[in-house]
Amino acid sequence: MCGRFSLTLPTEAMAQLFEAAPANALPDSPRYNICPTNDVAVVTSDAGTRHLRPMRWGFLPQWYKNPTDGPLLINARAETIAEKPAFRAACRARRGLIPATGFYEWTKTAEGARLPWYTHSRDNAPLAFAAIWQDWEGVAARFTTCAIVTTAANAPMSALHHRMPVILGSGDWPLWLGEAGKGAARLMRPAPEDLLAFHRVDVAVNSNRAAGPDLIAPLPA
């Protein structure tokens, strides 16, 4: 799964990297502890023109009358995304990219203590998570919401968790965004085994209120 991530790229750098026009209300950067229900930056494409837009992380199905009417859908499983009623329309027509510089995963000790790990690209290049999105309007609120697409973990990541986000290289962005025809389903696969590295970080990140660059620093040897 993917339940927390970081983003340190400035808006201008994201807009340049994805060749996308930025909206005015994008969340601030850098952020080292992005959590569900936070606003995130999402790249979308409309008739071949890319936009960088703010969205609420946590996909809300159209039948929810209020945001708390059911579980918060922060992830969408690649294996079932095309059939799940909550996701299937978005999977066909509303796909996006969520920029990130890394994400967190947790393991547990024999005593049940949660130990956080930070995962990033080996060369520290930005990551692009596959995402789906949709506009949602309830009784007293309106959001554009999104979920990160996940798949089975590759061999290195399976040491931490059995799932991982779908991470797309720049050559796959046009197909995922609907700019290069059909066939995006084949992109929902584990990342290459040499793409990522991970290290233990301080348990401070276990709190969703924690902030600052120290959260991604490796623990001293």
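On a predicted model such as this, the values are computed, not experimentally measured, just so you know.

Rules used in this analysis
Residues numbered from 1 in each chain as written. Predicted model: local features only at pLDDT ≥ 70, side-chain atom pairs only at ≥ 80, totals over all residues. Heavy atoms only, no water. 1 Å grid on protein atoms, 1.4 Å probe; cavity = no way out; pocket = protein on both sides within 12 Å on 5 of 7 lines; lining within 4 Å. Points joined across faces, edges and corners; volume = space filled by probe spheres on them. Helix = DSSP H or I, 4+ residues; strand = E, 2+ residues; numbered from the N terminus. Nonpolar A, V, L, I, M, F, W, Y, C, P; charged D, E, K, R; others polar. Phe/Tyr/Trp six-rings, centres within 6.5 Å; stacked < 30°, edge-to-face > 60°. Buried < 20%, exposed > 50% of the residue type's maximum accessible area, 1.4 Å probe, protein only. Lys NZ or Arg CZ within 6 Å of the ring centre and 35° of its normal. Salt bridge = Lys/Arg side-chain N within 4 Å of Asp/Glu carboxyl O.

Colleague: I would appreciate a short explanation of the layout of surface pockets in the present structure.
Modeller: Summary: where empty space remains is shown by rolling a probe the size of a single water molecule over the atoms. For the largest pocket, the calculated volume is near 310 Å³. Ile167, Leu168, Gly169, Ser170 and Leu195 are the residues nearest the centre of the largest pocket, which is lined by 20 residues in total. Taken together, the elements giving at least two residues each to the lining of the largest pocket come down to helix 1 (11–18) and strand 10 (127–137). Residues of the lining of the largest pocket, tallied by class, amount to 14 nonpolar, three polar and three charged. Its boundaries defined by the atoms lining it, the second largest pocket holds a volume of some 220 Å³. Considering the residues around the second largest pocket, the lining is formed by 13 residues, among which Cys91, Arg92, Arg95, Ala184 and Ala185 are closest to the centre.

Colleague: What's the story with the packing of aromatic side chains in this structure? I'm lost.
Modeller: What describes a pair of aromatic rings is the distance from one ring centre to the other and the angle between the planes of the rings. Throughout the structure, instances matching the rule amount to nine aromatic pairs. For the ring pair Phe5 and Phe129, a centre distance of 5.8 Å and an interplane angle of 80° mean the geometry is edge-to-face. Taken as a pair, Phe5 in strand 1 (residues 5–7) and Phe129 in strand 10 lie far apart in primary sequence, 124 residues in all. Each member of the pair Phe5 and Phe129 is classed as buried. When the ring of Phe103 is compared with that of Phe129, the centres are 5.9 Å apart and the planes differ by 75°; the resulting orientation is edge-to-face. Of this pair, Phe103 sits in strand 8 (residues 102–108) while Phe129 is found in strand 10, placing the two residues 26 residues apart along the sequence. The class for Phe103 is buried, based on a relative accessible area of 0%. Owing to a relative accessible area of 0%, Phe129 belongs among the buried residues under this scheme. Site record: aromatic cluster; members linked through ring pairs are Phe5, Trp57, Phe103 and Phe129. The positively charged end of Arg95 is found above the aromatic ring belonging to Trp176, 5.3 Å away from the centroid.

Colleague: It is not clear to me how the pattern of salt bridges should be interpreted in this structure. Could you clarify?
Modeller: Between side chains of opposite charge, pairing is possible as soon as their charged atoms come close. In total, this model carries four salt bridges according to the counting rule given. Glu137 is the salt-bridge partner of Arg142, the closest N and O atoms lying 3.1 Å from each other. A salt bridge links Arg189 to Asp172; its shortest N-O distance comes to 3.6 Å. One end of the pair, Arg189, is in the loop between helix 3 (173–176) and strand 13 (196–200); the other, Asp172, is in the loop between strand 12 (163–165) and helix 3, and 17 residues separate them in sequence.

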